[in-house]
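Examining the three-dimensional arrangement
Below, each chain spelled out in residue letters.
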Amino acid sequence: MSFSKLGLSAEIVQAVTAKGYTAPTPIQEQAIPVILEGRDLLAAAQTGTGKTAGFTLPILQRLAPKSTTQGEPRPVPVKAPSKGPILRSAVQATGRRQPVRALILAPTRELAAQVEDSVQAYGSHLDLVSLAVFGGVNITPQIRRLRSGVDILVATPGRLLDHVQQRTVDLSQVEILVLDEADRMLDMGFIKDIRRILSLLPKQRQNLLFSATFSNEIKALAGTLLHNPAVVEVARRNASAEKIFQQVYRVARTQKAALLTHLINHHNWYQVLVFTRTKHGADRLAKHLGQNQISAMAIHGNKSQSVRTKTLARFKEGNIQVLVATDIAARGIDISDLPQVVNFDLPDVPEDYVHRIGRTGRAGSTGGGSVPGL
Ligand code: AMP
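Quick caveat, the model's predicted, so the values are computed rather than measured. (Residues numbered from 1 in each chain as written. Predicted model: local features only at pLDDT ≥ 70, side-chain atom pairs only at ≥ 80, totals over all residues. Heavy atoms only, no water.)

A separate point is the site of the ligand. Residues in contact with the ligand amount to 14 residues; listed here are only the nearest, Tyr 21, Gln 28, Gly 48, Gly 50 and Thr 52. Lys 51 has a polar backbone atom sitting 3.3 Å from an oxygen atom of the ligand. With respect to the ligand, the side chain of Thr 52 contributes an N or O atom lying 2.5 Å from an oxygen atom. Taking 500 Å² as the accessible area of the ligand by itself, protein coverage stands at 78%. (Near = heavy atom within 4 Å. Polar contact = N/O pair within 3.5 Å; in protein donor to acceptor, adjacent residues only side chain to side chain. Areas by Shrake-Rupley, 256 points an atom, 1.4 Å probe, with all protein chains shown as cover.)

Below, the discussion takes up unusual backbone geometry. Within the chain, Gln 271 stands out as a residue other than glycine whose phi angle is a positive 45 degrees. Locating Gln 271 in the fold gives a position in the loop between α11 (256–267) and β9 (272–275). The backbone of Gln 293 shows a phi angle near 60 degrees, a positive value even though the residue is not glycine. Position of Gln 293 among the secondary structure elements: in the loop between α12 (279–291) and β10 (296–299). (Helix = DSSP H or I, 4+ residues; strand = E, 2+ residues; numbered from the N terminus.)

Turning our eyes to something else, we now look at the packing of α11 against α12. Remark: α11 packs on α12, axes separated minimally by 10 Å, with the N-to-C direction vectors making an angle of 50 degrees. The pairing of α11 with α12 is recorded here as oblique in orientation. Between α11 and α12 the crossing geometry is right-handed. Where α11 abuts α12, its residues Ala 257, Ala 258, Leu 260, Thr 261 and Ile 264 lie against Leu 285, His 288 and Leu 289. (Axes fitted to C-alpha atoms, helices over the stretch in contact; angles between N-to-C directions. Parallel < 35°, antiparallel > 145°, perpendicular 65-115°, else oblique. Left-handed = near helix turned anticlockwise from the far one by under 90°. Contact = heavy atoms within 4.5 Å.)

One pass over the full model with this rule turns up 9 salt bridges. The shortest N-O distance in the salt bridge between Lys 256 and Asp 345 comes to 3.0 Å. Within this pair, whereas Lys 256 is found in helix α11, its partner Asp 345 is found in the loop between β12 (340–343) and α15 (350–357), the two being separated by 89 residues in sequence. Accessibility assignment for this pair places Lys 256 and Asp 345 in one class, buried. For Arg 356, the salt bridge goes to Asp 327, with nearest N and O atoms at 2.8 Å. Separated by 29 residues along the polypeptide, Arg 356 in helix α15 and Asp 327 in helix α14 (residues 327–330) bring together distant segments of the chain. (Salt bridge = Lys/Arg side-chain N within 4 Å of Asp/Glu carboxyl O. Buried < 20%, exposed > 50% of the residue type's maximum accessible area, 1.4 Å probe, protein only.)

The next subject is the packing of helix α7 (residues 157–165) against helix α9 (residues 191–199). At a closest axis distance of 10 Å, the pairing of α7 and α9 adopts a crossing angle of 45 degrees. On the basis of their axis angle, the class for α7 and α9 is oblique. Once α7 is placed against α9, the crossing between them reads as left-handed. When α7 is examined against α9, the residues Pro 157, Gly 158, Leu 160, Leu 161 and Val 164 are found in contact with a partner set consisting of Asp 193, Arg 196 and Ile 197.

What follows is about the packing of aromatic side chains. The geometry of an aromatic ring pair is captured by two quantities: the separation of the ring centres and the angle between the planes. Scanning the model with the defined rule gives 2 aromatic pairs in all. On the basis of an interplanar angle of 55 degrees and a centroid distance of 5.1 Å, the ring pair of Phe 55 and Phe 210 is categorised as tilted. One end of the pair, Phe 55, is in helix α3 (residues 51–63); the other, Phe 210, is in strand β6 (residues 206–211), and 155 residues separate them in sequence. We note Lys 256 situated over the ring of Phe 344; from NZ or CZ to the ring centre the distance is 4.9 Å. (Phe/Tyr/Trp six-rings, centres within 6.5 Å; stacked < 30°, edge-to-face > 60°. Lys NZ or Arg CZ within 6 Å of the ring centre and 35° of its normal.)

To continue, consider the sheet that holds strand β4 (residues 152–155). Pairing is parallel in the open sheet, where 7 strands are placed in the order β3-β4-β2-β5-β6-β1-β7. Pairing within the sheet leaves two strands with one partner each, and these edge strands are β3 (130–133) and β7 (230–233). Strand-to-strand twist across the sheet, computed as the mean angle between neighbouring axes with direction ignored, equals 15 degrees. As judged from the 4 bridges shared by strand β1 (residues 41–44) and β6, these two strands associate in the parallel manner. Its bridge partner lying in β6, Leu 42 is registered against Leu 209. Where helix α6 (residues 140–147) meets the sheet, it contacts β3 and β4, and its direction lies at approximately 150 degrees from that of β3. (Pairing = 2+ DSSP bridges.)

What follows is about the side chain of Arg 308. Locating Arg 308 in the fold gives a position in helix α13 (residues 305–317). If we skip the residues at most four places from it in the chain, Arg 308 touches Arg 109, Glu 110, Ile 299, His 300, Gly 301, Lys 303 and Ala 329.

Below, the discussion takes up α7. The set of residues buried in α7 consists of Pro 157, Arg 159, Leu 160, Leu 161, His 163 and Val 164. Lining the buried residues of α7 we find β2 (102–105), β3, α6, β4, α8 (182–187) and α9. Arg 167, located one to two residues past α7, shows a positive phi value of around 55 degrees.

Structure below.
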């Protein structure tokens, strides 16, 4: 199966090929034709399955014929520019705002930023403007970008509602809505925010719901949101967990940090992602490792967005040996093919365990997950 056989345009296939993808993943193969048809979709897919491209590619295609440069009606006659910025300034000059046409809601800042990166990469040959808005960063530049016109908006619910409150975003023309990692958004208590956002959207639209699990809550949300949806389910990551070598160490709670230090040194582990249950625990463990000459940093909800982004970049570049993270901070971050993932504290729900170890053994590569401290 090839991307062009799925009905994607040459511009999009070109961008995907430039990313080095040769064939669609199972979720892409199933979801792309359904979305291109304009149908609602309920998809069970986890991070690592290629779900982001699964919804981004067909959305780009559906919006492209009427992009801000080609469609009508438009506020000013703009000579089709090849790049967004020219268009943005042209629209800005009129002082009028382009309404958002596709809205993608994501649970965390990291995921929102990554999804928007994908939109940009896959849409690099199209004249569509995208933007990610999330909290923890200055709202003013976001307002400026929104004012100048955005086709595809990726947002966390809280910050989007801040924009709604300040009347800096127009959601009245949204044609496509995506709830990405919907189960996580519900876990994080976003249901009220989501319902409020839904009430601001036009009734006639396409809805896509992606979730790692189909809990009763998700089913209830899907029931009210989706109209005659196609249902797509790809093998859960734990179904292919045989690729991941998992090991459990039984150890007294007080010895966990010492054991981890020993394992890292003994096996010469690098790029180790370690999960802790609490923010405080993450800080404490990073400090302990540092005191034992292992370079480690922690990311969690109390760190500012810019610190989290910088830390993640340093980890990806290999400048930090160990990244200690809470589930929420690590959620959705695009680090694949990690050699080691450590569950320093066991997660509260099985799905989180699957998500955590899914950081390794991705896209066909093997890796190891270990669980010290039961
Ligand atoms: P996601 O599940 O969207 O977080 O994607 C997981 C990883 O798979 C990302 O690093 C993508 O860049 C990569 N990916 C997405 N689609 C493909 C594909 N068709 N072939 C190979 N890798 C892909």
